[in-house]
Amino acid sequence: MRLLVVGGGITGLAAAWEAVQGADGRPPAEVLLVEASPRLGGKLHTEVVDGLVIEHGPDSFVSYRPAALELAREVGLGEEVVATTGQRSLSLRAGGRLRPLPAGMGMVLPTRLWPFVTTGILSPLDKLRAGLDLVLPRQLREGEDVAIGTFLRARLGDGIVRRFADPMIGGIYGSGVDRLSLDAVLPSLRADETAHRSLMLAALAQGRRARAAGRGPGSPFRTLRGGLGSLVDALAARLREAGADLRPGTSVTALRPTADGGAEADLSDGTTAVVDAVVLAGGVSSSAALLDGPAPDAASALSSIPLASSTVVTLSYPASAFPRPLDSHGWLEADPAPISGITVSSTKWAGRAPSDTVLIRAFVPERLGETARADDAVLVARIVAHLADVLGLTAGPTLTRVARWTSVMPTYTVGHPARVAAAEAGLAHLPAWRVAGSALHGVGVPDCVADGRRQAGLALGHAAGRARVDA
Ligand SMILES: Cc1cc2nc3c(=O)[nH]c(=O)nc-3n(C[C@H](O)[C@H](O)[C@H](O)COP(=O)(O)OP(=O)(O)OC[C@H]3O[C@@H](n4cnc5c(N)ncnc54)[C@H](O)[C@@H]3O)c2cc1C
């Protein structure tokens, strides 16, 4: 079996890895992976300079979805996996003050009651309103997707949405909670309402179960000592050892179905590849463009997924610029600001910077409007001024980097599950062609790894089934 993987981001690399393994009685496949950029990894992009480990894209993955952790172990990086330092310590800047998030706070809901009741982040009125959740009847209707913001406001009030849900979820999913789909982004909240009626009771019960099982309040985030780029390097090396043909600097420009359900691909180097199965892991726009002729309904469903932009600004400061040592892992902004939040990488992870240096990542999502569109110099100046103001810094940064991710973050807005179903139905006539990655079933690195592997297995499984029928 010959598999073509379009795109050498983490999804494509995971798909290739699955294919060269062979599984469920399926022999290892021959893999051709084509990546348009000269660098493999896509959004996983680590730069190491002057003792700094700079992540231009993701900096970590969650451990409760194990696919990324498992992949790291499979490629020999098990010993390189590291957790965040100390206890999770994230703050929220609200009302002009940095306040620690209450202990046990999840994305939206508290898993411990007392820290939530005593937090200064919410007003007494907001807390009382959130408490109404305990007695309100169920709000959701079966089969009807709603915005996360609408649902949470109905159950818990506006305070929780403004102070917790929007900064936390909006930061990860590239859009405000009033646009994001409950069923695509947080389906567990629907399940919680169905099972417990009250979201508070459900979250507190989860917290009690976790504590009883000995799972402490530690952060679920993990990374690799040398940055996530080391996962890309290790995967590429192991894939090449296994005989995979990895071609960075080459793109797939057109795909046509072959008579036997495989594909013929035109590559930018002027060659053509004929394969039994394809995993399209190049992102929404790339997959939609390649499917436009062979599967127009799938292409149009994919094109209807909105794409957001985000910028990561990395700044390195001498530790002496800080009037007090910065021990927090970062903060989220609930106040007007030129950023949605920062991560203090040198505090959050060991070994990210020399001990006399503070390494900061600042996030500028598209929804910040004019600031997000400003050119690099203006953007950096605004962020530097903001950090100086909040932290009382006495010197400017010694290194700055700006990584722009323009129109490449699929946004799971209300109705996303229907768009996913339409994309899959539109490709049903070509079962050995599969779309994988952050477009459909989850944007996190573990989701992409799991989906890449699953779709490679399905593509090859269908191709093998077809080959058996043909024989
Ligand atoms: C700023 C930022 C921070 C993030 N932080 C986190 C985080 O901390 N934790 C987390 O879990 N997730 C995070 N994410 C999400 C996560 O990084 C992405 O969802 C994931 O990396 C997407 O991987 P992918 O392989 O599907 O796509 P990509 O990484 O976009 O890779 C697709 C690749 O396909 C190539 N390509 C496209 N078309 C073609 C073609 N026709 N021919 C050949 N090649 C093609 C592209 O050049 C690209 O390299 C973050 C995302 C961003 C943007």
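Residues numbered from 1 in each chain as written. Predicted model: local features only at pLDDT ≥ 70, side-chain atom pairs only at ≥ 80, totals over all residues.

**Q** Which residues make up the overall build of the protein chain, and what values go with them?
**A** Helix and strand content of the protein chain: 17 helices and 20 strands. The C-alpha atoms of the protein chain give a radius of gyration of 23 Å, which matches the 23 Å a tight globule of 471 residues would have. Relative to its full complement of 471 residues, the protein chain shows a buried share of 46%. Within the protein chain, contacts between residues separated by at least 24 positions form 72% of all contacts whose residues are at least 6 apart in sequence. (Helix = DSSP H or I, 4+ residues; strand = E, 2+ residues; numbered from the N terminus. Rg over C-alpha atoms; globule rule 2.2 N^0.38 Å. Buried ≥ 20, exposed ≤ 12 C-beta atoms within 10 Å, placed from the backbone. Contact = placed C-beta atoms within 7 Å.)

**Q** For the domain arrangement of the protein chain, give the residues involved together with the corresponding values.
**A** Quite often, the size of an interface is put as the accessible area lost when its parts meet. Domain annotation of the protein chain identifies domain 1 (2–39 + 230–306 + 412–470), domain 2 (104–212) and domain 3 (307–410). One C-alpha centre belongs to domain 1, the other to domain 2, and the line joining them spans 36 Å. Counting residues at the interface gives seven residues for domain 1, matched by eleven residues for domain 2. (Domains from an automatic or database assignment.)

**Q** Can you break down the sheet that holds strand S14 (residues 277–280) residue by residue, with the values?
**A** The pairing of strands in a sheet comes from backbone hydrogen bonds and takes either a parallel or an antiparallel form. Read from one edge of the open sheet, five strands run S10-S2-S1-S14-S20, paired in parallel fashion. Two strands close off the open sheet at either side, each with one partner strand: strand S10 (245–248) and strand S20 (433–435). The mean inter-strand angle of the sheet, taken between neighbouring strand axes irrespective of direction, is 15 degrees. In this sheet, strand S2 (residues 30–35) lies alongside strand S1 (residues 2–6) in parallel orientation, the contact comprising five bridges. By the bridge assignment, Arg 2 is partnered in S2 with Glu 30. (Pairing = 2+ DSSP bridges. Axes fitted to C-alpha atoms, helices over the stretch in contact; angles between N-to-C directions.)

**Q** Hey, could you go over the packing of helix H8 (residues 187–196) against helix H9 (residues 199–212) for me, with residue numbers and the actual values?
**A** It is at 8 Å that the axes of H8 and H9 come closest, and there the two elements cross at 100 degrees. Here H9 runs roughly perpendicular to H8, going by the angle between their axes. Here Leu 189, Asp 192, Glu 193, Ala 195 and His 196 of H8 lie close against H9, whose contacting residues are Leu 199, Leu 201, Ala 202 and Ala 205. (Parallel < 35°, antiparallel > 145°, perpendicular 65-115°, else oblique.)

**Q** Before we move on, could you go through helix H2 (residues 67–74) and cite the residues and values that matter?
**A** The set of residues buried in H2 consists of Ala 67, Ala 68, Leu 71 and Ala 72. Summarising the axial view, the buried residues of H2 lie within an arc of 135 degrees, below the 170-degree limit, and thus occupy one face. Immediately beyond the C-terminal end of H2, within one or two residues, lies Gly 76, with a positive phi of roughly 90 degrees. (Arc of directions from axis to C-beta.)

**Q** Give me the lowdown on the nonpolar core, citing residues and values where you can.
**A** What tends to happen in soluble globular proteins is that the nonpolar side chains get buried as a cluster. One finds Leu 3, Val 5, Val 6, Ala 16, Val 278, Val 279 and Ala 459 to be the most contacted residues of the largest nonpolar core, which totals 72 residues. Of all the elements, helix H17 (residues 445–470) adds the most residues to this core, at eight residues. Discounting chain neighbours no more than four positions away, the residues touching Ala 459 are Leu 3, Ala 277, Val 278, Val 279, Ala 432, Trp 433 and Arg 434. Listed in part, the 56 residues of the second largest apolar core include Leu 92, Ile 160, Ala 184 and Ile 383. (Core = buried A, V, L, I, M, F, W, Y, C linked by C-beta atoms within 7 Å.)

**Q** Requested: an account of the sheet that holds strand S11 (residues 252–257), with residues and values cited.
**A** Strand order in the open sheet formed by three strands is S11-S12-S13, with antiparallel pairing between adjacent strands. Edge positions in the open sheet fall to S11 and strand S13 (272–275), since each of these has one partner strand only. Along the sheet, successive strands turn relative to each other by an average axial angle of 20 degrees, direction set aside. Pairing analysis gives five bridges linking S11 to strand S12 (residues 263–267), with the strands arranged antiparallel. Bridging from a neighbouring strand, Ala 254 pairs with Asp 266 of S12.

**Q** Can you break down the environment of Leu 134 residue by residue, with the values?
**A** Its place among the elements puts Leu 134 in the loop between helix H4 (124–131) and helix H5 (148–156). Among the residues examined, Leu 134 registers 12 C-beta atoms within 10 Å and is labelled exposed. Sequence spacing of Leu 134 and Ser 251 is 117 residues, and the spatial spacing of their C-alpha atoms is 54 Å. What Leu 134 contacts, discounting residues up to four positions off in sequence, is Ser 198, Met 200 and Leu 201.

**Q** A description of the packing of H5 against helix H6 (residues 158–173) should follow, citing residues and the corresponding values.
**A** At a minimum axis distance of 9 Å, the contact between H5 and H6 shows a crossing angle of 145 degrees. Here H5 and H6 pass one another in a crossing that is right-handed. For the pair H5 and H6, contact is made by Ile 148, Gly 149, Leu 152, Arg 153 and Leu 156 and by Asp 158, Ile 160, Val 161, Ala 165 and Ile 169, respectively. Looking at side-chain class alone, the contact of H5 with H6 contains seven nonpolar, one polar and two charged residues. (Left-handed = near helix turned anticlockwise from the far one by under 90°. Nonpolar A, V, L, I, M, F, W, Y, C, P; charged D, E, K, R; others polar.)

**Q** Any details on the site of the ligand? Residues and values, ideally.
**A** Taken together, 36 residues sit near the ligand, with Gly 7, Gly 9, Gly 42, Pro 58 and Gly 282 positioned nearest. Of all the elements in the fold, those that place two or more residues in the shell around the ligand are helix H1 (10–21), S2, strand S15 (307–318), strand S19 (399–410) and H17. Residues belonging to the shell around the ligand are distributed by class as follows: 16 nonpolar, 17 polar and three charged. Residue-level mapping places the shell around the ligand at the junction of two domains, with at least three residues from each of domain 1 (2–39 + 230–306 + 412–470) and domain 3 (307–410). (Near = placed C-beta within 6 Å.)

**Q** Provide a residue-level description of helix H12 (residues 296–303), including the pertinent values.
**A** Turning to H12, its buried residues number three or more, namely Ala 298, Ala 299, Ala 301 and Leu 302. Around the axis of H12, the buried residues are gathered within 165 degrees of arc, so they sit on the same side. Tucked inside the fold, the buried residues of H12 contact helix H11 (284–291) and helix H16 (416–426).

**Q** Can you explain the environment of Glu 30? Please cite residues and give values.
**A** Summarising the element assignment, Glu 30 is placed in strand S2. A count of 15 C-beta atoms within 10 Å places Glu 30 in the partly exposed class. Sequence-wise, Glu 30 and Leu 4 are 26 residues apart; in three dimensions their C-alpha atoms are separated by 8.7 Å. Apart from residues no more than four positions distant in its own chain, Glu 30 is found in contact with Met 1 and Arg 2.

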